[in-house]
Amino acid sequence: MYDSSLKCYYLIILRKPFLFYSIILWFLISSICYGQIAQKNQNKITYSFFTETGETEDSFTISGRNFPVKVGSVGLKANFQPYENFYLYSRAGIGYSPKQTVSAFNFTVSGSVFATSVGAGAFGKYRIRKSDFVIVPFLDYNLYNYSSNTFRGKKDGNQLKASVRGKSSFVRTGIELRYLTTNGHIFFGTGINRWNIENRVTIVEGDLTITPRLWANNTDTFFQTGAMFETGSGKAIIGARMSDLTHEINTQLVEFFAEVRVDFE
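Residues numbered from 1 in each chain as written. Predicted model: local features only at pLDDT ≥ 70, side-chain atom pairs only at ≥ 80, totals over all residues. Heavy atoms only, no water.

A. Local environment of the pattern of salt bridges. If you walk through the whole model with that rule in mind, you get 8 salt bridges. Residues Arg172 and Asp140 are paired through a salt bridge, measuring 4.0 Å at the closest nitrogen-oxygen approach. Residue Arg172 is located in strand 9 (residues 158-181), and its partner Asp140 is located in strand 8 (residues 133-155); the two are separated by 32 residues in the primary sequence. Residue classification places Asp140 among the buried positions, given a relative accessible area of 10%. Among the salt bridges present, the one from Arg178 reaches Glu176, with a minimum N-O distance of 2.8 Å. Among the residues examined, Glu176 registers a relative accessible area of 8% and is labelled buried. (Salt bridge = Lys/Arg side-chain N within 4 Å of Asp/Glu carboxyl O. Helix = DSSP H or I, 4+ residues; strand = E, 2+ residues; numbered from the N terminus. Buried < 20%, exposed > 50% of the residue type's maximum accessible area, 1.4 Å probe, protein only.)

B. Structural detail: unusual backbone geometry. Phi at Asn85 takes a positive value of approximately 70°, unusual for a residue other than glycine. When you line up the elements, Asn85 lands in the loop between strand 4 (70-83) and strand 5 (86-104). According to the relative accessible area criterion, Asn85 is partly exposed, its value standing at 31%. Phi is positive for Arg129, close to 50°, though the residue is something other than glycine. Given the relative accessible area of 81%, Arg129 is considered exposed.

C. Examining a nonpolar patch on the surface more closely. Among the surface-exposed residues, Ile128, Phe133, Leu177, Tyr179, Ile186, Phe188 and Phe223 lie close enough to one another that they form a single nonpolar patch of about 590 Å² accessible area. With respect to the element layout, Phe223 can be found in strand 12 (residues 213-230). Judged by its relative accessible area of 43%, Phe223 is partly exposed. (Patch = residues over 30% accessible without salt bridge, like charges linked within 9 Å, V, L, I, M, F, W, Y side chains within 5 Å. Areas by Shrake-Rupley, 256 points an atom, 1.4 Å probe, with all protein chains shown as cover.)

Structure follows, in structure tokens:
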């Protein structure tokens, strides 16, 4: 069992290098920000550090244009409880992907991408009588903006230069079932996801400049699962999510996320 877990862990790192970079950057940000925020005594607002990464299983191809759909960032999340059993949160983060490949018509270019993310959400918690089950309805919004001018490629021996601009947004609403354990809970959630993806690539070949664009949106379903458990300094959450993206093709966006909540009192 232990050997299988290690093999699975290394497989994820090798196949998804952005996850590795995200975790490293996440721990660096956590160590720096903890010393600054811990000096503030917050009675109602709590903070947590988060990391996330995800990409579609298949290439996202629309009208002869091939774009990867990748999301991911590390950052800080603020949690607020205005009423009993009702919670609000907001978050902001940054991300970096070392290499992405974009194809449009007979052009193919590759480069790195820098991204920023913002998000907000709300949820309620309702325990089923006195059992260990909790119902959690939720609403969540995330926006990713990414850009790069490092994309390069070749066509017929000529050097291609390109810049990429894009954004992806996800509005999820659904319900989560939590099972309480001694030091935390496990959760399963599902719902609907209103997603929107826009990409623009400006490709320069000599004196010729073209700007292929891609945009797509739809409403699909998603499923997520994970666990929350106590750590030495607070609480930690790990989980995974799979979202359908249906347009001209049907693919899935697979995400992994983690969060560490720290009590600053």
